[in-house]
Amino acid sequence: MNKKFKHVLKRTGLYALVLLIVVYVLAPYLWMVISSISTKVDLMEVPLKFIPRHPTLQNYKDMLLGTSNSTTDAASQFMHAMKNSAIVTVCVTAVSMAVGILASYAFSRFRFRFKQQTFMAILFTQMIPPIAIIIPLYMIMLRAKLLDNIWALTVVYLSFVLPFVIWIMKGYIDGIPTELEESAMIDGCGRLRSFFLIVLPVASTGLAATTIFAFIISWNEFFYALNFTSLAAKTLPVLITEFSSKYGADYILTCTSGVIASLPPVLLALIFQKYIIAGLTSGAVKG
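What you see is a predicted model; the values in this text were computed from it and never measured.

Colleague: Would you mind going over the side chain of Ser108 with me for this structure?
Modeller: In this fold, Ser108 is placed in helix H5 (residues 78–109). Owing to a relative accessible area of 15%, Ser108 belongs among the buried residues under this scheme. At a separation of 3.1 Å, a polar atom in the side chain of Ser108 contacts the side chain of Arg109. For Ser108, the residues in contact, after removing those within four places along its chain, are Lys115, Lys170, Ile173 and Asp174.

Colleague: What should I look at first to understand the environment of Thr211 in this one?
Modeller: Checked against the element boundaries, Thr211 lands in helix H11 (residues 204–220). Sequence-wise, Thr211 and Phe5 are 206 residues apart; in three dimensions their C-alpha atoms are separated by 45 Å. When neighbours within four sequence positions are excluded, Thr211 is seen to be in contact with Thr93 and Met97. At 2.7 Å, the side chain of Thr211 forms a polar contact with the backbone oxygen of Leu207.

Colleague: Explain the environment of Glu221 to me, please; I cannot follow it from the model alone.
Modeller: Looking at the secondary structure, you find Glu221 in the loop between H11 and helix H12 (223–228). The sequence separation of Glu221 and Pro237 amounts to 16 residues, and the corresponding C-alpha distance is 7.0 Å. Sequence-distant contacts of Glu221, defined by excluding residues within four places in its chain, comprise Tyr157, Phe160, Thr235 and Pro237. In this structure the side chain of Glu221 is engaged in a polar contact, spanning 3.2 Å, whose partner is the backbone nitrogen of Ala225.

Basis of the calculations
Residues numbered from 1 in each chain as written. Predicted model: local features only at pLDDT ≥ 70, side-chain atom pairs only at ≥ 80, totals over all residues. Heavy atoms only, no water. Helix = DSSP H or I, 4+ residues; strand = E, 2+ residues; numbered from the N terminus. Buried < 20%, exposed > 50% of the residue type's maximum accessible area, 1.4 Å probe, protein only. Polar contact = N/O pair within 3.5 Å; in protein donor to acceptor, adjacent residues only side chain to side chain. Contact = heavy atoms within 4.5 Å.

Next comes the structure, spelled out in structure tokens:
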């Protein structure tokens, strides 16, 4: 009986801890959603109510359509910034995955001079703080007249997303037995064909997880976009900060834009959560 009581107590404590973590993680996001459908009167009501008296979608209409007279300059630029973020993120994710999977395969399977040194140099780029290289990068882009350009921003993003992809994917490919490829090549497959027919399907879990992580990293990037863009190439993370000015913060529009901007990575995480979990517990921790 004592043993059973300890087991129940242990399980109860575990569930309580999980519930606490869930509340800690979801409560801020839930409050952001509630604020986005509230009016200023609802948010200033005392005592504060978690369910607004007059819920409205006007904030989303103002943000997405920009038809209201009360729409701020930042809100009117929202769709343009969202398009910029989408273009940059999709391009960075596609190029980094296409190049990264081939590079990681080369590091995993081939022997060549300075292989280890080259791989360590790639990893070293992940250790450099952005603040240390922002001035040289800015001067280069200024002289090349590439400031406020989404394609230049794409190249800058590739400089830190691509090494991440190579590092992660190399761990997955290292975990795939070389015997599978050797068997395929004995049956007549070339190196490239065996890569597409054997390696990629086996590494599909890691491939999906890495794609999602590359997407999220690119979508959420703020520091480089803040310094290298002004209007034409402005991205969502930069635009959201503009709802706060010297005249005060537009808390409702900030929450509304935050909800909309968070939907793509949140939906991706929910749809492909099993790949993310498998990726965190698989070969990505190797190498």
